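Close look at the chain arrangement
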Amino acid sequence: MKHNMRPPKGGPGGRPMAKKGTMKRLVKMLFSFYPVMLPVALFCVIFNAVVSSVPSLFMQNVISVIEKYWKVGDWASAKPEILSIVGVLVIFYILSLASGVIYNQLMAIITQGTLQKLRCKMFDKMQDLPIKYFDTHNHGDIMSHYTNDIDTLRQLVSQSVPQLIISAITIITVFSIMLYFSVWMALVVVIGIVAMTMVTKKVGGNSSKYFIRQQQAVGKTEGFIEEMMNGQKVVKVFCREEECKNEFDLVNDQLFEDAEKANKYANILMPILGNIGNVLYVIVALAGGALMTFNVPNLSISGIAMGISIVVPFLNMTKQFCGNIGQVSNQINSIVMGLAGADRIFELIDEQPETDEGYVTLVNARENADGTLTECSERTNVWAWKHPHGDGTTTYTRLMGDVRLNQVDFGYTDEKIVLHDITIFAEPGQKVAFVGATGAGKTTITNLINRFYDIADGKIRYDGININKIKKADLRRSLGIVLQDTNLFTGTVMDNIRYGRLDASDEECKAAAKLAGAHDFITRLPDGYNTELSGNGANLSQGQRQLLAIARAAVADPPVMILDEATSSIDTRTEAIVQKGMDALMHGRTVFVIAHRLSTVKNSDVIMVLENGRIIEKGSHEKLIADKGKYYQLYTGAFELE
Amino acid sequence: MIKTLAKSIREYKKASILTPIFVSGEVVLECIIPFIIANLVNEIKAGCDMKTIAGYGAVLVLMAFGSLACGVASGSQCATASCGFAKNLRKDMFYKIQGFSFENIDKFSTSSLVTRLTTDVMNIQMAYMMIIRIAVRCPLMLIFSFVMAFIMGGKTAMVFLFVVPVLGIGLALIIKTVMPLFRRVFKKYDNINNSVQENIKGMRVVKSYVREDYEKAKFKKAADEVCADFTKAERIIALNNPLMQFCMYTVMICVMVFGSQAVVTSLGVDLDVGQLSSLLTYSFQILMSLMMVSMIFVMMTMSAESAHRIAEVLTEESTLHNPEKPEFDVKDGSVDFDGVSFRYSEKAERFALENIDLHIKSGETVGIIGGTGSSKSSLIQLISRLYDVSAGSVKVGGRDVREYDIETLRNQVAVVLQKNVLFSGTIKDNLRWGNKDATDEQMIEACRLACADEFIEKFPDKYDTYIEQGGANVSGGQKQRLCIARALLKRPKILILDDSTSAVDTKTDALIRKAFKEFIPETTKIIIAQRISSVQDADKIVVLDGGKINGVGTHEELMKSNEIYREVYFSQNKGGDADEA
């Protein structure tokens, strides 16, 4: 949950600010999601708000009736008049209740539905984003779109917006009724409102200032806690407990100070507003009394003369009025935060998706007697590139796994080229190895072959086809990649292996596991292949996870495999045992191997030694040793890898 | 559980008690104000003079100010109390964790400790704020308003006796249905967030296998389910509002009808117009309070889980204790394992180490070799008493490690852990972990021994270079060498390297070992390694397999006698000897 406490973006004045059009876009989006439900809900909200503010009118009527009769105590005559007024009120109330139930139910559906749609929209978009996005954005930050931002938006849509509408309508209605009763007294209320607004601005402003500070302090404290918890064992080994406690006290005390101030301001806002309301209440009573005592001619829309039947409902209205202003001021923080959240969500949805202008596809094929290929729909284990040409003809090229890089240049940014003039020919069935220090560009080359990134200059051809012409999905389907940092997904071991090919049978998955040397340890797990994995396979060792990843690639059965430090966490003795399976796995495939352990790459057909983005040596192990160059130095241990 | 947590209130007890007192004052005043206003209204109606009105006004304004003072005081005291409580909770947990043994740390995962220190404490802070402020305010408000309503309204107030139970039961029903639903859906919600996280981290895998559409479908299904459950829960919660309105309306209508009847029939004696209007104010206060009570109830149930998790940390007892009469002197660097067996927890079925007998003389260099899971790390962690043996004994300098003062022992036995960590701060800050008072010369010396000075000198800020959290801005090999230097600064009698040079190239690795031999010959060196070359020239090499000693001897001896050792050797040197054979 660490990502939850991200300090909000500071706009001018230190407040989290949303872009200008966000509210408009949000409203538009809500209407497009629920073109019928939302207007109905809004209508009900407004109706409900209006109806719940009119009782003061009825109150005034009832009191006039009472005034008429109470001195003589004639309940018999008063009763029908009062009942008829109350009868109308009952009808109003029933309508209000009905609209209340409807809008509350609809808003529940709309809020959750909207969040759901946004979640799916974000997730769908995320799946379509290029790898570059994930390499350049903090993962915790991406995650917080789904947690923080969705949460603030929920608050905004389900509570703040309806509350705002209700308050606004109530304030308008109540104020109209006030004017209807007495302009003089309404003016008294206006003075009170001005005071309340000023207080809200001052105290509320301070409150959000300190809330932002608090957020920052929270972020700092969490960062410290996380670092220390991760290094707790080191702390113990060095007996640094006391120093850690002191350092922790510093950040913890700072957090306390900021949190205390922020909460103080937030806590006192309501009592202040409430009591301004109380004072206003008194002033209104006094003003009413004064107007009545001095018989000041009443100025009003209704023309009703000043009297107790006006003062009493006026007092209740004052209370209602102040209550609603309090509600609005309560919502300000969540509206600002909600809009900032919406802004970030829109930002993700607006990201540029990965483009794909490829048109060459991978299809199942059957070989004809004359050696040509025909497309077919069933799985034949013969694959072909279907290449439609400009002149309307289509050619089929058999999938072989021939990969050629020709004078390739590449940079993650335009300014900085990290690969220079890379030329590699990998024939079907060959094993090509990359060796070099961290940052030499080994992994980068594999990123180019599967088009996670696009080259700046040069050509990459796959079975003679420029890979830019191949549809990305089909290109990647023909490549199996095992990465150093293994990512497993929540699910059973079997599910994870099957990830490589969704229609693989249990037997095929087991065969792949055997090939990868993973079968043994899997059968020793509590539930064998049905053992549930969670937290990226937290209950497995790094080596075991790598074996699973290799099994996953094996089941996909691609003609080309890329092994990026795939066996780095498996100890050399186990690796030697696994080696047989690995050799069987690599047999007949084009394989790119990246490893910093030279024993892993020694038997490759070609070894490329990379330095600063250039290939400085290439050849077989024997040739490179004989050359006595960089590789020789590495092999004899004169240079450090990593 | 509550008792455990309450211990952390300490210096904020005063604020915690003052808050409800001020709240009570606020409530009393708020309840009296409508009462006085009712009288005022009647005075006005009776046609009193301006003086009476002004008198009333003065009293009322005074009371409003009193209420304001109480409100502000309670608000700020409440902030102090709740934030202070949270601060102390964090502090107590953090301190407690500092006293944890490795076994305790293993029991709680790192991420769960972080959550407990952050999110869970925040939840408790919110709940505490609610409890000392609103949980006091609402019942008080409820009672006072009730009393006042009956004093003023007499029979008319009987309406409340009907409405309040309706609202109470209604709210209780809503909470009862919705709570289990919420608990279930929160779990599912966590699950979909986990799956998003997995996707973000594993995006390369998703894209490599072209599983975008598969993941989308999977996510949509899970998210749909969460949405359906959430909607169901929220729709039930959404009944709160209309229920409240219904009660309000009922009160309004009843007060209007019965109230006016009372006023008219009694000629304003039992009830008058002013009181009628105040009755409405009270009814509103009563219903609002009930509503808040129900909210607090929900909040408290939700935070119970957090409270439980915090209490778990606070009541955890460290499994390692300093002996009563600790020994503060480690005589020499000899290590003896006598019939040692070890398992990570009482419940573990398998022993990580079984019947280990091993004797290391002071100043010896010992290598330990073994496959993944052969318990190499477990073995060396017993020496500095990071764990206690299950059977047998481990002796350092001829004494059982359990007789030493723990800090003394750990200062004399320096372990460079396999999963090592650098902390954010300069290189010097990190080195000083080994020795707080290390001089620059001592630091440079240690770095030279660990072959770290050459790359440190290349950094623009040299020894003042800032290391990012987790050592993100240095390479694996550099990090390992800094960790070794840090341990060297302790000037220990025993130095243990747990696979600490795996990312260092073989040549530098050899240089480090050479430096050890030349400059700290009297220190016992125990080296765990994957690479044979790292241990080849040790005085003694121990081969571990499945938690048992498979063989002990020099490189030459083991090459002759030990199957596993030979296999490891050939797996790393295949091509050379194997080709010739």
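Residues numbered from 1 in each chain as written. Chains lettered and ligands numbered in written order. Predicted model: local features only at pLDDT ≥ 70, side-chain atom pairs only at ≥ 80, totals over all residues.

1. A look at the overall build of chain B
Threshold: Secondary structure elements are defined from DSSP: runs of H or I of at least 4 residues count as helices, runs of E of at least 2 residues count as strands, and each element is numbered from the N terminus. As defined in this context, the radius of gyration uses C-alpha atoms, and a globule is described by 2.2 Å times the residue total to the power 0.38. Contacts are defined on C-beta atoms placed from the backbone: any two residues whose C-beta positions lie within 7 Å are in contact.
Helix and strand counts for chain B stand at 21 helices and 12 strands. In summary, chain B has a C-alpha radius of gyration of 36 Å against a globular reference of 25 Å for 581 residues, an excess of more than 25%. Its C-alpha atoms put chain B at 120 × 55 × 50 Å along the principal axes. For chain B, contacts bridging at least 24 residues in sequence account for 78% of all contacts bridging at least 6.

2. What about the overall build of chain A?
Heads up, the condition is: Residue burial is a threshold on neighbouring C-beta atoms within 10 Å of the residue's own C-beta, all placed from the backbone, with 20 or more meaning buried, 12 or fewer meaning exposed, and counts in between meaning partly exposed.
Each helix and strand counted, chain A has 20 helices and 16 strands in total. Relative to the globule expectation of 26 Å for 642 residues, the C-alpha radius of gyration of chain A, 36 Å, shows a markedly less compact shape. Taken over the C-alpha atoms alone, chain A extends approximately 120 × 70 × 55 Å along its principal axes. The proportion of buried residues among the 642 residues of chain A is 46%. Here the contacts in chain A between residues at least 6 apart in sequence split such that 75% fall between residues at least 24 apart.

3. Concerning the sheet that holds strand 9 (residues 465-466) of chain A
Residue and element names in this part refer to chain A. Which entries qualify depends on this criterion: When DSSP finds two or more bridges between two strands, those strands count as paired. For helices, the fitted axis covers only the stretch in contact; all axes are lines through C-alpha atoms, and the angles between them, taken along N-to-C directions, range from 0 to 180 degrees.
Overall, antiparallel pairing links the four strands, which are arranged 6-5-8-9 in an open sheet. Of all strands in the sheet, those bounded by a partner on one side alone are strand 6 (419-426) and strand 9. Inspection of the sheet shows strand 5 (residues 403-410) paired to strand 8 (residues 457-462) by five bridges, in the antiparallel sense. Paired with aspartate 409 across the two strands is aspartate 457, which belongs to strand 8. Its contacts with the sheet put helix 11 (residues 442-449) on strand 5, strand 6 and strand 8, and the angle it makes with strand 5 is roughly 115°.

4. What to know about the domain arrangement of chain A
Rules: Residue ranges for the domains trace back to a domain assignment, done automatically or taken from a database.
Structurally, chain A comprises domain 1 (22-182), domain 2 (361-398) and domain 3 (403-635). Inter-centroid distance (C-alpha atoms) of domain 1 of chain A to domain 3 of chain A is 57 Å.

5. Focus: the interface of chain B and chain A
We count it as follows: For this classification, the nonpolar set comprises Ala, Val, Leu, Ile, Met, Phe, Trp, Tyr, Cys and Pro, the charged set comprises Asp, Glu, Lys and Arg, and every other residue, Gly included, is treated as polar.
Residue-level contacts link 126 residues of chain B with 126 residues of chain A. Looking at the side of chain B that touches chain A, the element that brings in the most residues is helix 3 (residues 50-98) of chain B, giving 25 residues. Per-class residue counts for the side of chain B that touches chain A are 56 nonpolar, 46 polar and 24 charged.

6. Quick word on the sheet that holds strand 5 (residues 399-400) of chain B
All names here are of chain B. The four strands are arranged 2-1-4-5 in an open sheet whose pairing can be described as antiparallel. Edge positions in the open sheet fall to strand 2 (353-360) and strand 5, since each of these has one partner strand only. Pairing analysis gives five bridges linking strand 1 (residues 335-342) to strand 4 (residues 391-396), with the strands arranged antiparallel. Looking across to strand 4, one finds that valine 335 is bridged to valine 396.

7. A few points about the pairing of strand 11 (residues 540-545) of chain B
All names here are of chain B. Burial analysis of strand 11 places five of its six residues in the buried class, the great majority of the element. Inspection of the sheet shows strand 3 (residues 365-369) paired to strand 11 by four bridges, in the parallel sense. Residue pairing in the sheet places isoleucine 368 in a bridge with valine 542 of strand 11. Bridge analysis of strand 11 against strand 12 (residues 548-553) gives five bridges, and the strand direction is antiparallel. Bridged to leucine 544 within strand 12 is isoleucine 549. Here strand 11 folds back onto strand 12 in antiparallel fashion, the turn holding two residues, of which glycine 546 has a positive phi close to 55°.

8. Re the domain arrangement of chain B
With domains assigned, chain B is organised as domain 1 (2-315) and domain 2 (335-373 + 386-580). Placing the centre of domain 1 of chain B and that of domain 2 of chain B at their C-alpha centroids yields a distance of 57 Å.

9. Here's the deal with the nonpolar core
Test applied: For this entry, the nonpolar core is defined as buried Ala, Val, Leu, Ile, Met, Phe, Trp, Tyr and Cys residues connected by C-beta atoms within 7 Å.
Within the largest apolar cluster, 235 residues are counted, with the highest numbers of intra-cluster contacts made by Phe314 of chain A together with Ala450, Ala485 and Ile496 of chain B. By residue number, the principal contributor to this core is helix 9 (residues 241-293) of chain A, which donates 23 residues. If we ignore the near neighbours within four places in the chain, the residues touching isoleucine 496 of chain B are Ile380, Ile383, Val413, Ala414, Val415, Val416 and Ile526 of chain B. Membership of the second largest hydrophobic core comes to 117 residues, among which are Ile345, Val432, Phe434 and Ile470 of chain A.

10. Considering the environment of valine 263 of chain B
Turning to its location among the elements, valine 263 of chain B is positioned in helix 9 (residues 240-265). Each C-alpha atom, one on valine 263 of chain B and one on valine 273 of chain B, is 7.1 Å from the other, the two residues being 10 residues apart in sequence.

11. Remarks on the confidence of the model for chain B
Any region with low pLDDT has predicted coordinates that should not be read closely. All names here are of chain B. Our working rule: For every residue, the predictor assigns a confidence score, pLDDT, that lies between 0 and 100.
The predicted model of chain B averages 82 in pLDDT, with 96% of residues at 70 or higher. Here residues 575-581 scores under 50 on pLDDT; set against residues more than four positions off or in separate chains, the count is two contacts. Across the whole predicted complex the pTM is 0.76, and at the interface the ipTM reaches 0.80.

12. Describing helix 17 (residues 506-519) of chain B
Residue and element names in this part refer to chain B. Rules: The span one expects for a helix is its residue count, reduced by one, times 1.5 Å. For this quantity, the arc is that covered by the directions from the helix axis to the C-beta atoms.
When the terminal C-alpha atoms of helix 17 are compared, their 20 Å separation across 14 residues agrees well with the 20 Å that a helix rising 1.5 Å per residue should span. Taken together, the buried positions of helix 17 are Thr508, Asp509, Ile512, Arg513 and Phe516. Each buried residue of helix 17 lies within a common arc of 140° when the element is viewed along its axis, so the set occupies one face. Residues Lys517 and Glu518 are exposed on helix 17 and point more than 90 degrees away from its buried face.

13. Observations regarding the packing of helix 3 (residues 55-69) of chain A against helix 9 of chain B
What counts is decided by this rule: Note that the term roughly parallel is reserved for angles under 35 degrees, roughly antiparallel for angles over 145, roughly perpendicular for angles of 65 to 115, and oblique for everything else. Whether a crossing is left-handed or right-handed is set by the direction in which the near helix is turned from the far one by less than a right angle, anticlockwise for left-handed and clockwise for right-handed.
Running from N to C, helix 3 of chain A and helix 9 of chain B point in directions that differ by 15°, and their axes come no closer than 10 Å. Between helix 3 of chain A and helix 9 of chain B, the angle falls in the class roughly parallel. For the element pair helix 3 of chain A and helix 9 of chain B, the recorded crossing hand is right-handed. In contact with Pro55, Val62, Ile66 and Tyr69 of chain A of helix 3 of chain A, helix 9 of chain B contributes Met252, Met256, Ser260, Val263 and Val264 of chain B. Here the residues of the contact of helix 3 of chain A with helix 9 of chain B sort into eight nonpolar, one polar and no charged.

14. Considering unusual backbone geometry
Look at glutamine 407 of chain A: it is not a glycine, yet its phi comes out positive at around 45°. Secondary-structure assignment places glutamine 407 of chain A in strand 5. Of note in the backbone geometry, lysine 462 of chain B takes a positive phi value of approximately 50° without being a glycine.

15. Side note on the packing of helix 7 (residues 183-230) of chain A against helix 5 (residues 110-153) of chain B
At a minimum axis distance of 9 Å, the contact between helix 7 of chain A and helix 5 of chain B shows a crossing angle of 150°. Overall, the two elements helix 7 of chain A and helix 5 of chain B adopt an arrangement that is roughly antiparallel. Taken as a pair, helix 7 of chain A and helix 5 of chain B cross one another with a handedness that is right-handed. Across the interface between the two elements, Glu222, Ile225, Glu226, Met229 and Asn230 of chain A from helix 7 of chain A touch Thr110, Leu113, Val114, Leu117 and Thr118 of chain B from helix 5 of chain B. Of the residues that constitute the contact of helix 7 of chain A with helix 5 of chain B, the class distribution is five nonpolar, three polar and two charged.

16. Details of the environment of leucine 525 of chain A
Residues and elements named next belong to chain A. If you trace the backbone, leucine 525 turns up in the loop between helix 15 (519-524) and strand 12 (532-533). Judged by C-beta crowding, with 16 C-beta atoms within 10 Å, leucine 525 ranks as partly exposed. Sequence separation between leucine 525 and arginine 25 is 500 residues, and the spatial gap between their C-alpha atoms is 52 Å. Every residue in contact with leucine 525, bar those within four places of it in the chain, is listed here: Val493 and Thr531.

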